[in-house]
Amino acid sequence: QVQLVQSGGGLVQAGGSLRLSCAASGRTFSSYRMGWFRQAPGKEREFVAAINWSGRNTWYADSVEGRFTISRDNAKNTLYLQMNSLEPEDTAVYYCAADASAGVPTRPSVYDYWGQGTQVTVSS
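Residues numbered from 1 in each chain as written. Predicted model: local features only at pLDDT ≥ 70, side-chain atom pairs only at ≥ 80, totals over all residues. Heavy atoms only, no water.

Asker: Outline the nonpolar core, supporting the account with residue identities and numerical values.
Answerer: Grouped burial of nonpolar side chains is what soluble globular proteins tend to show. Counting residues in each nonpolar core, the largest one holds 35 residues, and the members touching the most others are M34, W36, L79, L81, M83 and Y94. Residue assignment for this core shows that the elements contributing at least two residues are strand 3 (18-25), strand 4 (33-39), strand 5 (46-51), strand 7 (68-73), strand 8 (78-83), strand 9 (92-99) and strand 11 (118-123). Discounting residues that sit within four places of it in the chain, M83 has contacts with G16, S17, L18, L20, R67, F68, Y94 and V120. (Core = buried A, V, L, I, M, F, W, Y, C linked by side-chain atoms within 4.5 Å. Buried < 20%, exposed > 50% of the residue type's maximum accessible area, 1.4 Å probe, protein only. Helix = DSSP H or I, 4+ residues; strand = E, 2+ residues; numbered from the N terminus. Contact = heavy atoms within 4.5 Å.)

Asker: Mind laying out the packing of aromatic side chains, listing which residues take part and the relevant values?
Answerer: Inspection of the entire model under this criterion finds 6 aromatic pairs. Between the aromatic rings of F37 and F47, the centroid separation amounts to 5.7 Å while the plane-to-plane angle is 70 degrees, which identifies the pairing as edge-to-face. Note that F37 is positioned in strand 4 and F47 in strand 5, a separation of 10 residues in sequence. Classification of F37 as buried rests on a relative accessible area of 0%. Where Y95 meets W114, the ring centres are 6.5 Å apart and the plane angle is 80 degrees; that geometry is what we call edge-to-face. With Y95 in strand 9 and W114 in strand 10 (residues 113-114), this residue pair connects regions lying 19 residues apart in the sequence. Overall, the relative accessible area of 15% leaves Y95 in the buried class. Among the aromatic side chains, those forming a connected cluster through ring pairs are F37, F47, Y95, Y111 and W114. In this arrangement the basic side chain of R45 is found over the ring face of Y95, its NZ or CZ atom lying 3.9 Å from the centre. In this arrangement the basic side chain of R45 is found over the ring face of W114, its NZ or CZ atom lying 4.8 Å from the centre. (Phe/Tyr/Trp six-rings, centres within 6.5 Å; stacked < 30°, edge-to-face > 60°. Lys NZ or Arg CZ within 6 Å of the ring centre and 35° of its normal.)

Asker: Any details on the sheet that holds strand 7? Residues and values, ideally.
Answerer: Read from one edge of the open sheet, 4 strands run 1-3-8-7, paired in antiparallel fashion. The sheet is open, and its two borders are formed by strand 1 (3-7) and strand 7, each paired with just one other strand. Adjacent strand axes in the sheet meet at a mean angle of 15 degrees, parallel and antiparallel pairs treated alike. Across 6 bridges, strand 3 lies against strand 8 in antiparallel orientation. Counted as the bridge partner of L20 is L81 from strand 8. (Pairing = 2+ DSSP bridges. Axes fitted to C-alpha atoms, helices over the stretch in contact; angles between N-to-C directions.)

Structure (structure tokens):
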């Protein structure tokens, strides 16, 4: 009942920036907690950041704290991830997700809907 479509991935040099977007449709976007996860080859899906319905509360993985910023624009039904000071270790497929149940925000299993993923590659 919720569709998430991502855009904004690509190739960037270390130290550069990218902005990912996730456009939602199908239900009231503002009622969902939203999150970003990433998955590198051979690794489990990893929590990156999350944001509550109003944008008042945010959560970040230690590895991205201070470099990434999660935000949302409920009027546009869109979630964003601004990524600055990118490092080769940030290379992964990034996924946005929506959680209707307000579970633990760092756990992939609590999210109900997922975007298609977008590749982010950071060269050294």
